[in-house]
Amino acid sequence: MKLNLIGLLAVLAFFSSTALATEYIYRDLMANTLPSPGCAAESEAIASASKPYYIKNYSKKFCQTQGYGWHVEKVNDHGKAVCTECSGANSGKKQCHLEDVVVTCKRIKPGSVGMLPGKS
């Protein structure tokens, strides 16, 4: 009897979920990254510019430029690598950056969670 009651409560607890009242605002952004530091051979410069670490950090910065509360939802497109020639002692080497990186940012919709300011 107790085992049946515990099983029934476990099933009810598993299938009962609270309604997700949090609503989000989404925004797609397209931006360019900064050139990789230093000059290198083209293949090395492209590899340096398209490292996952840099893509993650720049996408975070892109969303934060929108204001307080904006976060990265996902990176839709890593963009394409564009290289420029270095001058001076590093002639023949290149600096690369990513153009047209597309990121989806999200933010909690004001008033969808918690108490509304000025309301009691």
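The structure contained in this document is the topic of the report that follows. Predicted model only: the values in this text are computed from it and were never measured.

Reading guide: rules and limits
- Residues numbered from 1 in each chain as written.
- Predicted model: local features only at pLDDT ≥ 70, side-chain atom pairs only at ≥ 80, totals over all residues.
- Heavy atoms only, no water.
- Helix = DSSP H or I, 4+ residues; strand = E, 2+ residues; numbered from the N terminus.
- Polar contact = N/O pair within 3.5 Å; in protein donor to acceptor, adjacent residues only side chain to side chain.
- Contact = heavy atoms within 4.5 Å.
- Pairing = 2+ DSSP bridges.
- Axes fitted to C-alpha atoms, helices over the stretch in contact; angles between N-to-C directions.
- Phe/Tyr/Trp six-rings, centres within 6.5 Å; stacked < 30°, edge-to-face > 60°.
- Buried < 20%, exposed > 50% of the residue type's maximum accessible area, 1.4 Å probe, protein only.
- Lys NZ or Arg CZ within 6 Å of the ring centre and 35° of its normal.
- Arc of directions from axis to C-beta.
- Salt bridge = Lys/Arg side-chain N within 4 Å of Asp/Glu carboxyl O.
- Disulfide = S-S within 2.5 Å.

## A short note on the side chain of Thr104
- Looking at the element boundaries, Thr104 is found in strand E5 (residues 101–108).
- A polar contact is formed between the side chain of Thr104 and the side chain of Asn76, at a distance of 2.7 Å.
- With sequence-adjacent residues up to four places away left out, Thr104 is seen in contact with Tyr26, Arg27, Asp28, Cys63, His71, Val72, Glu73, Lys74 and Asn76.

## What to know about the sheet that holds E5
- Here we have three strands laid out as an open sheet, ordered E1-E5-E2, and antiparallel in their pairing. What marks the edges here is a single partner per strand, and that holds for strand E1 (24–31) and strand E2 (71–77). This sheet shows a mean twist of 25° between the axes of neighbouring strands, independent of strand direction.
- By the bridge criterion, five bridges tie E2 to E5 in an arrangement that is antiparallel. Bridged to Val72 within E5 is Cys105.

## Looking at the packing of aromatic side chains
- What the rule picks out here adds up to three aromatic pairs.
- With a centroid separation of 5.5 Å and 70° between ring planes, the pair formed by Tyr53 and Tyr54 is classed as edge-to-face.
- Taking the relative accessible area as the measure of exposure, Tyr54 reaches 27% and is therefore partly exposed.
- Here Lys106 stacks its cationic end above the ring of Tyr24, 4.4 Å away from the centre of that ring.

## Side note on the side chain of His97
- Assignment of secondary structure puts His97 in strand E4 (residues 94–99).
- The exposure class of His97 is buried, given its relative accessible area of 14%.
- Excluding its chain neighbours within four sequence positions, the residues that come into contact with His97 are Asn32, Thr33, Leu34, Pro35, Ala49, Lys80, Ala81 and Val82.

## Side note on helix H2 (residues 42–49)
- Every buried residue of H2 is listed here: Ala45, Ser48 and Ala49. Along the axis of H2, the buried positions cluster into a sector of 95°, meaning they face one direction only.
- Its buried side turned inward, H2 meets helix H3 (52–64) and E4.

## Observations regarding the pattern of salt bridges
- Scanning the model with the defined rule gives five salt bridges in all.
- The partner of Glu42 in a salt bridge is Lys94, with the nearest N and O atoms 3.6 Å apart. With a gap of 52 residues between them, Glu42 in helix H2 and Lys94 in strand E4 connect regions that are remote in the sequence.
- Residue classification places Glu42 among the partly exposed residues on the basis of a relative accessible area of 40%.
- Linking Asp100 and Lys80 is a salt bridge whose minimum nitrogen-to-oxygen distance equals 3.6 Å. On the criterion of sequence distance, the pair formed by Asp100 in the loop between E4 and E5 and Lys80 in strand E3 (residues 80–85) is long-range, its members being 20 residues apart.
- By sharing partners, the salt bridges in this structure join Glu42, Glu85 and Lys94 into a single network.

## Some words on the state of the cysteines
- Using the criterion set out here, one finds three disulfides in the structure.
- Between the sulfur atoms of Cys63 and its disulfide mate Cys105 the distance is 1.9 Å. In this structure the cystine formed by Cys63 and Cys105 twists about its S-S bond by roughly -80°; its chirality is therefore left-handed. With Cys63 in helix H3 and Cys105 in strand E5, this residue pair connects regions lying 42 residues apart in the sequence. The two residues Cys63 and Cys105 agree in class, both being buried.
- With cysteine numbering restricted to those in disulfides and following the sequence, the chain has the pairing 1-4, 2-6, 3-5.

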